[in-house]
Each structure stands twice: as structure tokens, then as C-alpha cells.
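If you want the building blocks of each chain, they are given just below.
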Protein chains: 2
Amino acid sequence: MESQNKASLPVMDGFERKVTSLSDGPRTCDLLLRVLAFVLTLAAAIVLGVDKQTKVVPIKVVDTLPPISLPVSAKWHYLSAFTYSVASNAIACSYAALSLVLATSGKKGVMSSVIIFDLLMVAMLFSSNGAALAIGLMGYKGNSHVMWAKVCNVFGRFCNQVAVSIALSLLGSILFLLLVGMRLHKKSK
Amino acid sequence: MESQNKASLPVMDGFERKVTSLSDGPRTCDLLLRVLAFVLTLAAAIVLGVDKQTKVVPIKVVDTLPPISLPVSAKWHYLSAFTYSVASNAIACSYAALSLVLATSGKKGVMSSVIIFDLLMVAMLFSSNGAALAIGLMGYKGNSHVMWAKVCNVFGRFCNQVAVSIALSLLGSILFLLLVGMRLHKKSK
């Protein structure tokens, strides 16, 4: 009997290990997604937050006189959509760090609150991405109907940095979307 | 023994009824939210989709000549952010109608797919709201840094209709957010 128990121990041990590794898989994936979301939203906020370009542009002050060359700056906080994007990414990044700490505890009650905040991050980040992309595209292409001239032909580097920030923020928001999607998929099984 | 069984029947019947009504509560709420989301996104798409205003505006064609009065139209499809908003609300409205049909069946497998699409609607609607709001605000306030003049002082009715559409769309997207939030909350219990 004793020998039988001893013989079954390694089998049970292996089985337990397999069960643990299976339940650890989604948790590791969850933590990895949070780390990536933290890095991407932090990078998006920094890339747009330090975005600034100064150029000497010919400006017509009086119609009858020739244009005067003046230094003009493009800064992210001149446009409210970009301010919203920086603020959203900063909030999402701080939250991702906090949720990482909370998720490592793995308590069920805590995780149910965390996933609701993940959902709120999806809404906030996607709305800020939409706003930044709409204004960014307007700066890139302009619009003849409302007579808004494009500015990216002058402030090229500034616009490129905006595009990089939007791309990073979009990837970050997709990760939050995946976190919520994973939880919904897991629970519907 | 028979009398005992008979006596317990009304109690069991009452208990079953209570259980049924408790499980019917969230389902009715789910269906009600879908109906409301359908109505709101449909209204948002229609209000913006029929938005058009023509005004006679003095335009300077040649610098040395006085301005000429010309009829100028403001249409929703002149701005890509508004086109995106109409398309998003039309998709969300069609999906809400489809999900309403699928949700009435109440099959678990179907509902797990429906809730994933609800989440995608949240992302799509919030991004289109952000885009429409950013362009709408630009039209309302203008921006001196990029020299984009406000247009809502000329096309007041057009802008008001845009604002109503954004408000309706925002309410619709909050309902989709609630649908996903409810499912997450329900599953975490």
C-alpha cells in the first residue's frame, strides 16, 4: 500500500504542475499585456509631450506690404485634441502600473474592479486616439471647404512625431481591448 | 407522503418563479439597453447624415477688389471625421438590431460572440465620438496657432445639429459600455 502511494506521488505531482501551468498561462499573458500597455502609453505620452518645432515662416502682416519672415513654433498643447491625448495616455500609463501591482496579488475581488477600469481605459484611449487622429489628418491634408490650410508641409517633424505617438497610443489601447476581450472570452467558456 | 408533496408544491412553484424573475431581470435590462442603443445610434446617424446648411457669404476673390457675396454650403461629408461618425453610428445601429435578435434567443454560445462585438462597438463609437468632437470644437472655437478660423459663427444651425448628433452618439456608446460592464460584473460575481 505504501509503495503504491509512493508510486502515485510523482504522477500526481506532474498533474498538479500541469494544472498550475495551465491556470498560470492566462495570468502571465494578462501581466505581460499590462507591462506592454504601460510601456506603449508611456512612450505615446512622452513622444507627444515633448513634441515641439520652431520654423521661420514668411507671414503677411499688412496686405500691401511684402511678407515678413518670423519664427513660428508648433507645440502639442496648442491643440486641445493633443492635450487630451497626452493626458489620456498619462492616465492609462499610471493606471497600467497600478493594475500591474493589483493583478500580481490575483485576488478575485480586486481583479473584478481592475477589469472594469480596463474597460474605461478602452473608452478613454479610443476617444483620444480618434480626436488626435482627426486633428492630425486635418493638419496633414487641410480642408478647402472650411478653408483650414495644412500645416504639416511646414512642420514636418512635428507631424511625424504626432503620427508616432498616435500609433503607439493605438497599440496601447488595443492591448487594453485585448485584456477586456480575454476576460469576456474566459468567462463565457 | 402524498399530502406532504402537494403541500410543498406551491412553495417550490413560488421559488422557481422567483429564480426565473431574478435571471430575467438582467436579460430584460440587456434587451432594453440594446433597444435604446439602436434608437440613439440611428438618431445620431440620421441627425448628422441630413445635416446641411447653405449661406450667402462675402468672399474676397481678388485682394484689390471688394468681396463678392456667394452661396456657400456646409455638408457633413466635407469633413472625414463626420463621415466616420455617420458610418460608425450606422454600423453600430445595424449591429444593435442584429444583436437584439440574437440576444432574444439567449443561447450561451451566441451571447459570448455578441458581447465581444459589443466591446468592438465601444472602441469604434468612442473613437468616432472623439474625432467628431475634436473637429466640431475646432469649428466652434477655431485655433489661432494653426490659423484655422471658426465656422460655427456662420453655419450655426449646422453646428448645432453636429452637437446634437455627437450627444446622441455619446449616449449610445455609453449604453454599449454598460452592456460590456454588466457582463463583466455579472461574470465576476
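Being a predicted model, the structure only gives us computed values, none of them experimental.

Give a description of the state of the cysteines that names residues and reports values.
Residue and element names in this part refer to chain B. What the rule picks out here adds up to two disulfides over all chains. Put simply, C152 and C159 are joined by a disulfide, and their sulfur atoms are 2.0 Å apart. Measuring the twist about the S-S bond at about -85°, one finds the C152-C159 disulfide to be left-handed. For the pair formed by C152 and C159, the shared burial category is buried.

Quick rundown of the relation of the copies chain B and chain A? Include the residues and the values.
Once chain B has been moved 0.0 Å along the axis and rotated by 180°, it coincides with chain A to within an RMSD of 0.0 Å. What we have between these two chains is a two-fold relation. When you check the interface residues of chain B against chain A, 100% turn up at the interface there too, and the contact is symmetric in its surfaces.

Go over helix α2 (residues 80-105) of chain B with me, naming the residues and quoting the values.
Residue and element names in this part refer to chain B. With 26 residues, α2 should reach 38 Å at 1.5 Å per residue; the first-to-last C-alpha distance of 38 Å fits that figure. Those residues of α2 lying buried are A81, F82, S85, V86, S88, N89, A92, C93, Y95, A96, S99 and A103. The first or second residue beyond α2 is G106, which carries a positive phi of 70°.

Give me the lowdown on the UniProt feature "transmembrane region" (unreviewed entry) in chain A, citing residues and values where you can.
Here, UniProt's "transmembrane region" (unreviewed entry) annotation points to residues 31-50, 81-103, 115-140 and 160-180 of chain A. Within residues 81-103 of chain A, the helical portion is 100% and the strand portion 0%, while the C-alpha atoms at the span's ends are 31 Å from each other.

If you had to explain the packing of helix α3 (residues 108-141) of chain A against helix α3 (residues 108-141) of chain B to someone new, which residues and values would you point to?
At a closest axis distance of 7 Å, the pairing of α3 of chain A and α3 of chain B adopts a crossing angle of 40°. Taken as axis vectors, α3 of chain A and α3 of chain B run oblique relative to one another. Pair α3 of chain A / α3 of chain B crosses with right-handed handedness. Residues L119, A123, F126, S127, G130, A131, A134, I135 and M138 of chain A of α3 of chain A form the contact with α3 of chain B, whose own contacting residues are L119, A123, F126, S127, G130, A131, A134, I135 and M138 of chain B. By residue class, the composition of the contact of α3 of chain A with α3 of chain B is 14 nonpolar, four polar and no charged.

Please give an account of the pattern of salt bridges that cites residues and values.
Overall, the coordinates contain four salt bridges over all chains when judged by the stated rule. R34 of chain B serves as the salt-bridge partner of D30 of chain B, at 2.8 Å between the closest nitrogen and oxygen. Here D30 of chain B pairs with R34 of chain B, and both are found in helix α1 (residues 2-49), just four residues apart, close to one helical turn. For R34 of chain B, the salt bridge is made with D118 of chain B, and the minimal N-O distance between the two is 2.8 Å. Residue R34 of chain B is found in helix α1, and its partner D118 of chain B is found in helix α3; the two are separated by 84 residues along the sequence. Residue class for D118 of chain B comes out buried when judged on its relative accessible area of 0%. Several salt bridges converge on common partners, so that one network encompasses D30, R34 and D118 of chain A.

Cut-offs and rules
- Think of each chain on its own: its residues are numbered from 1, step by step along the sequence as written.
- Ligands are numbered from 1 and chains lettered from A, in the order in which they are written.
- Local features in this predicted model are restricted to residues of pLDDT 70 or higher, and side-chain atom pairs are both shown and tallied only at a pLDDT of 80 or more, whereas totals for entire chains, interfaces and linings draw on every residue.
- Note: side-chain values were computed over all heavy atoms of the structure, leaving out hydrogens and water.
- Cysteine sulfur atoms that pair up within 2.5 Å are treated as a disulfide.
- Each residue gets one of three labels from its accessible area relative to the maximum for its type: buried under 20%, exposed over 50%, partly exposed in between, using a 1.4 Å probe on protein chains only.
- To line up the copies, we fit them by least squares on C-alpha atoms, keeping just the residues with pLDDT of at least 70 in both.
- Residues are treated as being in contact if the distance between any of their heavy atoms lies within 4.5 Å.
- Secondary structure elements follow DSSP: runs of H or I no shorter than four residues count as helices, runs of E no shorter than two count as strands, and numbering proceeds from the N terminus.
- Multiplying 1.5 Å by the helix residue count minus one yields the expected span of that helix.
- UniProt positions are given in the numbering used here, feature names are shortened, and annotations may be inferred rather than shown by experiment.
- Inter-axis angles, ranging from 0 to 180 degrees, are taken between N-to-C directions of lines fitted to C-alpha atoms, where helices are fitted over the stretch in contact.
- Note that the term roughly parallel is reserved for angles under 35 degrees, roughly antiparallel for angles over 145, roughly perpendicular for angles of 65 to 115, and oblique for everything else.
- Each crossing gets its hand from how the near helix is turned against the far one by less than a right angle, where anticlockwise is left-handed and clockwise is right-handed.
- Throughout this entry, Asp, Glu, Lys and Arg are counted as charged residues, while Ala, Val, Leu, Ile, Met, Phe, Trp, Tyr, Cys and Pro are counted as nonpolar. The remaining residues, Gly among them, count as polar.
- Salt bridge, as applied in this entry: a Lys or Arg side-chain nitrogen positioned within 4 Å of an Asp or Glu carboxyl oxygen.

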